[in-house]
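Notes for the structure review
Residue-level listing of the chains:
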Amino acid sequence: MDNNKKIRKALVSVYHKDELDDIIKKLNTEGVEFVSTGGTQKFIESLGIICQGVESLTGYPSILGGRVKTLHAKIFGGILARRENPDDSSQLDEYEIPEIDLVIVDLYPFGETVASGAREEDIIEKIDIGGISLIRAAAKNFNDVVIIASKSQYAPFMKLLNKKGAMTSLEDRQRFAKEAFAISSGYDSTIFNYFDKNERSAFRMSVDKVRILRYGENPHQKGVFYGDFDELFEKLNGKEISYNNLLDIDSAVSLISEFDELTFGILKHNNACGISSRKTVLEAWNDALASDPVSAFGGIFVTNAVIDKESAEEINKIFFEVIIAPGYKEDAIKILKRKENRIILRQKSLGQKIERQYRSILNGVLVQDKDTSIQTAVDLEVVTKSKPTETEIIDLLFANKLVKHSKSNAITLVKNKCLCASGVGQTSRVDALKQAIEKANSFKIDLKGAVMASDAFFPFPDCVEIAYKAGIKAVIQPGGSIKDQLSIDYCDAHDLSMVKTGIRHFKH
């Protein structure tokens, strides 16, 4: 059976007419006839091409302020008729309905109208009825009809026309139908989420941008990223970005976004292994690296400042996967580009504020508000007799930002706005603290006068006791244990200061 079909008649009804003229002209040279609505009909006729108005075909004018134009049996009958079905063909003849082989349509910009802050009545008017119905009808009858449902499909359709003329294969039509259903389902998801008003009565999410990855977390796993990476970053150099790179990049930019002061961070497997706030990038880099030069190998580097030549020369001495910065001096980028696989990213912006996080589990999806809470000095409740100094408060807040972005159970030790060491992803808080102290000692980092942050409360005083013996002078924790007083009493007995935030920062 020959699955190739010739386009003889096209229905065109579009909101965005730019970039469509070449397609219309090409179809015209192939002998295709046109049916269209108001503005689109005028556009086609302005090209010197004959176009029949929908009203002429249906015998009905556009009514209800344009809400009803194409919703008519003479339109949908011509689209939905099965060409190989004798009964369908007989009814088309009986009611004088022409076959429509191609539908080019786009949808009213509902999402864009919502984002613009328009009035509700204007938003509601941008809920497309005729267009979405045309898309579904044409896509359903892909065996006979081609559906072009978005401006994004113009280029591949034009390529097809140049290659085959007005002929299409079943595979061509099926591919366009699949894309059309993706467009219509995404459109409906946007409308649902507007009406849901954050009630979360059902889970609907649609993302059109797709990046096929080399593999997932491991080479035997497939991986795909759905999202517009290029909206946030300009890639200046390096190999293809991997699944694990993306996870680390997300962690890196989330962490660095917490800091207003010039800061340089080094991450490995989504956790900071070095981070420092200083006056220059070079100083910040050197002090961040000193925290854990072993883990920095093969890590992800991130800063909120423009990288200059001096810092690039030092950074270039170590192997790393990715570096992220808002900008690079010309001589700095030349140095960093010496390794062709090294991924260099310029961060354009944080993009649209992410309010929710998603994770697939079991046979469903977990959804939660993103942890955007971060504490300042006014949020701290001093619960001990000894009060932290101004310098200690700065370090406590610094450590609290780090522990928020570390895998639980997590402890961070900080001194002079620099990470001394951290213990992350441990099954007990004591183990996390011991890990941090051991790491600091292994790199000969003096913990005397440092501060400690915990992502959750201390159920027993063992952690503050271990911290005191290691030289820690101040502690920040959320509090909330029924045995909080035991830890407070130990601090009071040993001249440690402790502040509570009331906010837990678990990260699993």
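Refer to the preceding data block for the structure.
A short tour of the structure in this document, coming up. (Residues numbered from 1 in each chain as written. Predicted model: local features only at pLDDT ≥ 70, side-chain atom pairs only at ≥ 80, totals over all residues. Heavy atoms only, no water.)

Membership of the largest hydrophobic core comes to 52 residues, with the highest contact counts inside it found for I104, I147 and F157. If sequence neighbours within four positions are ignored, I147 has contacts with V103, V105, L134, I135, A138, A139, Q153, F176, A177 and A180. Counting residues in each nonpolar core, the second largest holds 36 residues, with I241, V302, L396 and F398 among its members. (Core = buried A, V, L, I, M, F, W, Y, C linked by side-chain atoms within 4.5 Å. Buried < 20%, exposed > 50% of the residue type's maximum accessible area, 1.4 Å probe, protein only. Contact = heavy atoms within 4.5 Å.)

Quick look at helix 10 (residues 170–196) now. Compared with an ideal rise of 1.5 Å per residue, which puts 27 residues at 39 Å, helix 10 spans 38 Å between its outermost C-alpha atoms and is within 8% of the ideal. In the segment just after helix 10, K197 is the residue with positive phi, at about 50°. (Helix = DSSP H or I, 4+ residues; strand = E, 2+ residues; numbered from the N terminus. Expected span 1.5 Å × (residues − 1).)

This part takes up the environment of K235. Note that K235 resides in strand 10 (residues 233–237). Relative accessible area serves as the criterion here: at 36%, K235 is assigned to the partly exposed category. Within the structure, K235 has its side chain in polar contact with the backbone oxygen of G238 (distance 3.2 Å). A distance of 2.5 Å separates a polar side-chain atom of K235 from the backbone oxygen of K239. (Polar contact = N/O pair within 3.5 Å; in protein donor to acceptor, adjacent residues only side chain to side chain.)

Time to look at the packing of aromatic side chains. Enumeration according to the criterion identifies 14 aromatic pairs in this entry. Ring centres 5.6 Å apart and planes at 85° place the aromatic pair F110 and Y194 in the edge-to-face group. Highlighted residues: F110 in helix 6 (residues 110–115) and Y194 in helix 10, separated in sequence by 84 residues. With relative accessibility at 1%, the residue F110 sits in the buried group. Note on Y194: relative accessible area 12%, which makes it buried. (Phe/Tyr/Trp six-rings, centres within 6.5 Å; stacked < 30°, edge-to-face > 60°.)

The five strands are arranged 4-3-2-5-6 in an open sheet whose pairing can be described as parallel. Only two strands of the sheet have a single neighbouring strand rather than two, namely strand 4 (52–53) and strand 6 (146–148). Direction of pairing for strand 3 (residues 33–36) relative to strand 4: parallel, over a ladder of two bridges. Bridging across to strand 4, S36 finds its partner in G53. (Pairing = 2+ DSSP bridges.)

A separate point is the layout of surface pockets. If you add up the space inside the second largest pocket, you get close to 500 Å³. Put simply, the parts of the chain that give the lining of the second largest pocket at least two residues each are helix 2 (38–46), helix 7 (120–125) and helix 8 (130–140). Residues of the lining of the second largest pocket, tallied by class, amount to eight nonpolar, ten polar and seven charged. (1 Å grid on protein atoms, 1.4 Å probe; cavity = no way out; pocket = protein on both sides within 12 Å on 5 of 7 lines; lining within 4 Å. Points joined across faces, edges and corners; volume = space filled by probe spheres on them. Nonpolar A, V, L, I, M, F, W, Y, C, P; charged D, E, K, R; others polar.)

As a further point, take helix 12 (residues 243–256). Look at helix 12: 20 Å from first C-alpha to last across 14 residues, which is about the 20 Å you get at 1.5 Å a residue. In terms of burial, helix 12 is largely enclosed, as ten of its 14 residues are buried. Among the residues of helix 12, those classed as buried are N245, L246, D248, I249, S251, A252, V253, S254, L255 and I256.

A contiguous patch of negative charge, built from E310, E313, E330 and D331, is present on the exposed surface. Those elements that provide at least two residues to the negative patch are helix 14 (309–315) and helix 15 (330–336). Tracing the backbone through its elements, the reader meets E330 in helix 15. On the basis of relative accessibility, which here comes to 59%, the residue E330 falls in the exposed class. (Patch = residues over 30% accessible without salt bridge, like charges linked within 9 Å, V, L, I, M, F, W, Y side chains within 5 Å. Areas by Shrake-Rupley, 256 points an atom, 1.4 Å probe, with all protein chains shown as cover. Salt bridge = Lys/Arg side-chain N within 4 Å of Asp/Glu carboxyl O. Lys, Arg positive; Asp, Glu negative; His and termini not counted. Charge placed at Lys NZ, Arg CZ, Asp CG, Glu CD.)

Taken in spatial order, the six strands line up as 18-23-22-21-19-20 in an open sheet, and their pairing is mixed. Where the open sheet ends on each side, the last strands, each with one partner, are strand 18 (381–382) and strand 20 (419–423). Here four bridges tie strand 19 (residues 411–414) to strand 21 (residues 451–454), and the two strands are oriented antiparallel to one another. Opposite T412, over in strand 21, you have A453 as the bridge partner.

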